[in-house]
Amino acid sequence: MSVRYDPEADAAYISIGCELLPGEATAQVAGIRDPRGEGEIILDFDAKGHLLGIEVLRASRILRAQDLDRSTRTETTEP
């Protein structure tokens, strides 16, 4: 399991197993809100229904600071 965090986008991605390959996540469950309504959680699944990862939007509001500090930092890339 690994956690990547992009501070500029304030988004984190928690990979359950190995890093995802392009196209591996074939289904998502979006719109999950945290109890305070300050962020959103999106679940990624493969074609067999296995959970692959969890995307956390507005991550700094719903993940603990020490967990974000231990994450791998990434940067938003402009097209």
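Since the model is a prediction, treat every value here as computed from it, not as a measurement.

(A) A look at the sheet that holds strand β4 (residues 40-45). In space, the six strands of this open sheet follow the order β3-β4-β5-β2-β1-β6, with mixed pairing throughout. Only two strands of the sheet have a single neighbouring strand rather than two, namely β3 (27-33) and β6 (72-73). When strand β2 (residues 11-15) meets strand β5 (residues 51-57), the two strands line up antiparallel, connected through five bridges. What sits directly across from A11, in β5, is L57.

(B) Geometry of the pairing of β3. Note that β3 and β4 share five bridges and pair antiparallel. Bridge pairing links R33 to E40 in β4. Here β3 folds back onto β4 in antiparallel fashion, the turn holding six residues, of which G37 has a positive phi close to 70°.

(C) Representation of a nonpolar patch on the surface within the structure. On the surface, M1, I16 and L51 cluster together into a nonpolar patch covering about 300 Å² of accessible area. Accessibility expressed as a relative area gives 75% for M1, which makes it exposed.

(D) Up close: the environment of T74. When you line up the elements, T74 lands in the segment after β6. For the pair formed by T74 and Q28, sequence separation is 46 residues and the distance between their alpha carbons is 22 Å. Setting aside chain neighbours within four positions, we find T74 in contact with R4, Y5, D6 and P7.

(E) Spotlight on the nonpolar core. Core analysis: the biggest nonpolar cluster contains nine residues, these being Y5, A12, I14, L43, F45, I54, V56, A59 and L68. Only β2, β4 and β5 provide two or more residues apiece to this core. Setting aside chain neighbours within four positions, we find Y5 in contact with D10, A11, A12, A59, S60, L68, S71, T72, R73 and T74.

(F) Examining unusual backbone geometry more closely. Phi at D10 takes a positive value of approximately 50°, unusual for a residue other than glycine. When you line up the elements, D10 lands in the loop between β1 (2-6) and β2. What makes D10 buried here is its relative accessible area of 16%. Of note in the backbone geometry, R58 takes a positive phi value of approximately 60° without being a glycine. With respect to the helices and strands, the residue R58 is situated in the loop between β5 and α1 (59-62).

The rules behind the values
- Residues numbered from 1 in each chain as written.
- Predicted model: local features only at pLDDT ≥ 70, side-chain atom pairs only at ≥ 80, totals over all residues.
- Heavy atoms only, no water.
- Pairing = 2+ DSSP bridges.
- Helix = DSSP H or I, 4+ residues; strand = E, 2+ residues; numbered from the N terminus.
- Patch = residues over 30% accessible without salt bridge, like charges linked within 9 Å, V, L, I, M, F, W, Y side chains within 5 Å.
- Areas by Shrake-Rupley, 256 points an atom, 1.4 Å probe, with all protein chains shown as cover.
- Salt bridge = Lys/Arg side-chain N within 4 Å of Asp/Glu carboxyl O.
- Buried < 20%, exposed > 50% of the residue type's maximum accessible area, 1.4 Å probe, protein only.
- Contact = heavy atoms within 4.5 Å.
- Core = buried A, V, L, I, M, F, W, Y, C linked by side-chain atoms within 4.5 Å.

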